Amino acid sequence: MPHWTHLAAEKKQRQLNSIPKDWLVTPPPDSTLDVTGFPETCGVLTARDIEITNTLLDVLLEKLASGEWTSVDVTTSFYKRAVVAHQLVNCLTEIFVDRALARAAELDDHLKKTGKVVGPLHGLPISLKDQLCMKGLETTMGYVSWIGQYAEKNAVLVDILLECGAVPFVRTNIPQTLMWGETFNYIFGRTTNPHNRSLTSGGSSGGEGALVALKGSPLGVGSDIGGSIRGPSAFCGLHGLRPSYGRIPYGGAVNSLEGQDSLPSVFGPMTNSIAGVKIFMKAVIDAKPWLNDPLAVRKKWDEDEYNLVDHGSGKDLCFGIMWDDDIVVPHPPIRRAMEMTKAALEKAGHKVVDWKPLKHGLLGDVARNIFNAGSAEDFMIVTSATGEPIVSTMELDSADPIIPPIRPKSGGITAYQLWQQQKLRRDTRKEYLDHWEATASETGTGRPVDAIICPTAGYAAHPHGKSIYHNYTTVWNALDYPAEVFPVTVVDPILDAVKGPRDFYGDADKEIHEMYDPETFKNAPVCLQLVGRTLEEEAVIKMTEIVDAALAAANGGSALY
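Residues numbered from 1 in each chain as written. Predicted model: local features only at pLDDT ≥ 70, side-chain atom pairs only at ≥ 80, totals over all residues. Heavy atoms only, no water.

K.L.:
Is there a simple way to explain the overall build of the protein chain in this structure?
P.N.:
Secondary structure summary: the protein chain contains 18 helices and 15 strands in total. Taken over the C-alpha trace, the protein chain has a radius of gyration of 22 Å; the compact-globule value for 561 residues is 24 Å, and the two agree within 12%. Summarising its shape, the C-alpha atoms of the protein chain cover approximately 60 × 55 × 50 Å along the three principal directions. Every one of the 561 residues in the protein chain was classed for burial, and the buried ones make up 60%. Of the roughly 20900 Å² that the protein chain leaves accessible, carbon and sulfur atoms contribute 54%. Across the protein chain, 53 positive and 69 negative side-chain charges occur, with their mean positions spaced 3 Å apart. (Helix = DSSP H or I, 4+ residues; strand = E, 2+ residues; numbered from the N terminus. Rg over C-alpha atoms; globule rule 2.2 N^0.38 Å. Buried < 20%, exposed > 50% of the residue type's maximum accessible area, 1.4 Å probe, protein only. Areas by Shrake-Rupley, 256 points an atom, 1.4 Å probe, with all protein chains shown as cover. Lys, Arg positive; Asp, Glu negative; His and termini not counted. Charge placed at Lys NZ, Arg CZ, Asp CG, Glu CD.)

K.L.:
How should the side chain of Gln-176 be read in this particular structure?
P.N.:
Relative to the assigned elements, Gln-176 resides in the loop between β3 (167–172) and β4 (184–185). By relative accessible area, which is 0% here, Gln-176 ends up buried. Setting aside its immediate chain neighbours within four residues, Gln-176 contacts Met-141, Gly-142, Tyr-143, Phe-184, Asn-185, Tyr-186, Thr-383, Glu-388, Pro-389, Ile-390 and Val-391. (Contact = heavy atoms within 4.5 Å.)

K.L.:
What should I look at first to understand helix α4 (residues 71–89) in this one?
P.N.:
Working note: α-helix, 3.6 residues per turn, so residues spaced by three or four point in the same direction. The end-to-end C-alpha separation of α4 is 26 Å, in line with the 27 Å expected for 19 residues at 1.5 Å each. Burial analysis of α4 places 16 of its 19 residues in the buried class, which makes it a mostly covered element. A positive phi of about 60° marks Asn-90, the residue just after α4. (Expected span 1.5 Å × (residues − 1).)

K.L.:
What should I look at first to understand the sheet that holds strand β14 (residues 483–490) in this one?
P.N.:
Paired through their backbone hydrogen bonds, the strands of a sheet run either parallel or antiparallel. Read from one edge of the open sheet, eleven strands run β1-β3-β2-β8-β10-β9-β14-β15-β13-β11-β12, paired in mixed fashion. If you trace the sheet from one side to the other, it starts and ends with β1 (92–95) and β12 (351–354), each paired once. Here the average twist between neighbouring strands, direction ignored, is 30°. Two elements, β14 and strand β15 (residues 525–531), share seven bridges in a ladder whose sense is antiparallel. (Pairing = 2+ DSSP bridges. Axes fitted to C-alpha atoms, helices over the stretch in contact; angles between N-to-C directions.)

K.L.:
Looking at this structure, I do not really get the packing of aromatic side chains. What am I missing?
P.N.:
The relative placement of two aromatic rings is captured by the distance of their centres and the angle of their planes. Per the stated rule, a full pass over the model turns up 17 aromatic pairs. Aromatic side chains Phe-235 and Tyr-459 sit 6.4 Å apart centroid to centroid with 45° between the ring planes, which places their arrangement in the tilted category. Residue Phe-235 is located in helix α8 (residues 230–236), and its partner Tyr-459 is located in the loop between β13 (451–455) and α16 (471–479); the two are separated by 224 residues in the primary sequence. Owing to a relative accessible area of 5%, Phe-235 belongs among the buried residues under this scheme. Classification of Tyr-459 by relative accessible area gives buried; the value is 3%. An aromatic cluster of three or more residues is present, and its members are Trp-355, Tyr-432, Trp-436, Trp-476 and Tyr-481. Above the ring of Trp-69, the side-chain terminus of Lys-63 is found at 5.0 Å from the ring centroid. Above the plane of the ring of Tyr-306 lies Lys-278, whose end atom (NZ or CZ) is 3.8 Å from the centre. (Phe/Tyr/Trp six-rings, centres within 6.5 Å; stacked < 30°, edge-to-face > 60°. Lys NZ or Arg CZ within 6 Å of the ring centre and 35° of its normal.)

K.L.:
Honestly, unusual backbone geometry in this entry has me stumped. Any pointers?
P.N.:
Glycine aside, residues mostly have negative phi, and peptide bonds are mostly found in the trans state. In this model, Gly-203 is joined to Ser-204 through a cis peptide bond whose omega is 5°. For Ser-204, the position within the fold is in the loop between β7 (196–200) and α7 (206–213). One non-glycine residue, Leu-308, adopts positive backbone phi at about 60°. Classification of Leu-308 as buried rests on a relative accessible area of 1%.

K.L.:
How should the pattern of salt bridges be read in this particular structure?
P.N.:
Proximity of charged atoms lets side chains of opposite charge pair with each other. Under the defined criterion, the tally for this structure stands at 29 salt bridges. With its nearest N and O atoms 2.7 Å apart, the salt bridge here joins Arg-14 to Glu-138. Here Arg-14 is found in helix α1 (residues 3–17), whereas its partner Glu-138 is found in the loop between β2 (125–129) and α6 (156–163), with 124 residues between them in sequence. Here the salt bridges share partners, and the residues they tie into one network are Glu-10, Lys-11, Arg-14, Glu-94 and Glu-138. (Salt bridge = Lys/Arg side-chain N within 4 Å of Asp/Glu carboxyl O.)

K.L.:
Sorry if this is basic, but what is going on with helix α11 (residues 332–347) here?
P.N.:
The terminal C-alpha atoms of α11, which comprises 16 residues, lie 22 Å apart, in line with the 22 Å expected from a rise of 1.5 Å per residue. Within α11, burial applies to Pro-332, Pro-333, Ile-334, Arg-336, Ala-337, Met-338, Thr-341, Ala-344 and Leu-345. If you follow the buried residues of α11, they end up packed against β11 (318–321), β12, β13, β14, β15 and α18 (537–554). Once α11 finishes, Gly-349 follows within two positions and takes phi at roughly 95°, a positive value.

K.L.:
Looking at this structure, I do not really get the pairing of β14. What am I missing?
P.N.:
Residues in a regular strand project their side chains so that they alternate between the two faces of the sheet. Here β14 lies mainly inside the structure; seven of its eight residues are buried. In this structure, strand β9 (residues 239–242) lies alongside β14, joined through three bridges in antiparallel fashion. Among the inter-strand pairings, Gly-240 is bridged to a residue of β14, identified as Val-485.

K.L.:
Where do I start with the packing of helix α12 (residues 360–371) against α16 in this structure?
P.N.:
The packing of two helices is summarised by the inter-axis angle and the distance between the axes. For the pair α12 and α16, the least separation of the axes is 9 Å and the interaxial angle reads 75°. When the interaxial angle is binned, α12 and α16 end up roughly perpendicular. Across the interface between the two elements, His-360, Gly-361, Leu-363, Gly-364, Ala-367, Arg-368 and Phe-371 from α12 touch Asn-471, Thr-474, Val-475, Trp-476, Ala-478 and Leu-479 from α16. By residue class, the composition of the contact of α12 with α16 is seven nonpolar, five polar and one charged. (Parallel < 35°, antiparallel > 145°, perpendicular 65-115°, else oblique. Nonpolar A, V, L, I, M, F, W, Y, C, P; charged D, E, K, R; others polar.)

K.L.:
Before we go on, may I ask you to explain the nonpolar core in this structure?
P.N.:
If you look at soluble globular proteins, the nonpolar side chains tend to sit buried side by side. Counting 150 residues, the largest nonpolar core has Tyr-79, Leu-161 and Trp-476 as the members making the most contacts within it. Discounting chain neighbours no more than four positions away, the residues touching Leu-161 are Leu-121, Ile-126, Leu-128, Ala-166, Val-221, Phe-280 and Val-284. (Core = buried A, V, L, I, M, F, W, Y, C linked by side-chain atoms within 4.5 Å.)

K.L.:
Got a minute to help me understand a nonpolar patch on the surface in this structure?
P.N.:
Side chains of Met-380, Ile-381 and Ile-390 sit close together on the surface and give an oily, nonpolar patch of about 280 Å² of accessible area. Residue placement: Ile-390 occurs in the loop between α13 (375–383) and α14 (415–437). Overall, the relative accessible area of 34% leaves Ile-390 in the partly exposed class. (Patch = residues over 30% accessible without salt bridge, like charges linked within 9 Å, V, L, I, M, F, W, Y side chains within 5 Å.)

K.L.:
Explanation requested: the packing of helix α9 (residues 274–286) against α18 in the structure shown.
P.N.:
Between α9 and α18, the shortest axis-to-axis distance is 10 Å and the interhelical angle comes to 165°. Regarding the angle of α9 to α18, the classification is roughly antiparallel. The hand of the α9/α18 crossing is left-handed. Facing Ile-274, Val-277, Lys-278 and Met-281 of α9, the residues of α18 in contact are Glu-537, Ile-541, Thr-544, Glu-545 and Asp-548. Taken together, the residues of the contact of α9 with α18 break down into four nonpolar, one polar and four charged. (Left-handed = near helix turned anticlockwise from the far one by under 90°.)

Any functional reading would require information that these geometric values do not contain.
Encoded structure:
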């Protein structure tokens, strides 16, 4: 066997050895697709563990701050559930129980002695995507070639989370290179979707998405360069925010395409609790990350912006709904979710107008050209250390595997050619700004459209290897617009039957249309995203809360999903 396979096997064995034996379970057979109920019936979790891990994040923080629940107890409960989740969907990379519980004990001791919390996230266990370096731990990012590389210091965001009182307790699985809409690597293997294990959890924050969906973590940190927070959040039924460049610090983390600074990756929260998005963002921003990361934007948390001062104080909002992007028509469940959301908003007294996409095909192409300018060389240099192959498909078994356009097809382009792509993107961003401003003539509010609501993908969570179209997320990275995912419903084979014949925009539209079979996608979560303007995270968070409340009210006061 090649040398790299021994390295991978040894690392995987070390991971298995890090799991407490009392937390090992016998997972259900592969034929059991929906495993969301398994953690609470497997015998590892006590009734108290179940109560803790089902508690909403804001309530959890209140109980931790008051001392009603200790951080050791809360961290232990989530750790047990996280390890059970891992045995179901293969979502973890680094497991460090003793280290996390020692940190939790320190926080409990501080609260007991001083009567004060360390910070706004006091005692809260937080999961981290396998990019966020923690001193003394390996960060392989799915590369066999990075096994044995131990971090000498924490990433800036990890230090800030510690300053806020959090307990980093697991790290989560990613695809080799990160540049995939699914999650598989040669060390840890494939992460599956807990709602239906024949489907993907998304990528590249797919381990985070699957873990949080199984309530193995109350709050996770993912990253997003073309949809890597929003895809897994949508496929796993979560709330997830892609902030603007630099709002959350990235310094000290590992990454692919380092040095590609014109369209950078960003960190953001993934959570079951809509309140968790604001809690995370406000805590990190209040810690003034710009004092520790020179690329972090010097913008304090803006409570006026959160209260929508520039958007009529949140009354009589006007949303633009983008039914499709003029390239791919979404599958029936996505269309139904948009119709449900439009009806709920109108019932709540808001206005909804159609959003006309502008040059989304061009924006997607430009983003991919920027990524692929040097990505083939980047991947080759990293993997050459051990000779591990570069993952070329996410298919389980296919003679004709799908290779999505985000993967590099050539050795790269010249610096001058790259500049032309960046110039084209700059000019198109100006066109899109003007396009948005021009909507003031049709909203009836005197303002342009307050936010856009659109699909997160043309499909719900799909079978492994079928991640073929990312434009519904990537265009917003290209424009640097913050976007938050919110759950709406689940795929219902009766309500979401295959529609009749229609004309297609092109080959991608036809291919995605033909992918749809209601039974294949059964039980997959259906989410949408709300998109705002650059550095308008506070308003995006608030408007998503308004949309979520409208959907709940339309459903008789309870969450749809």
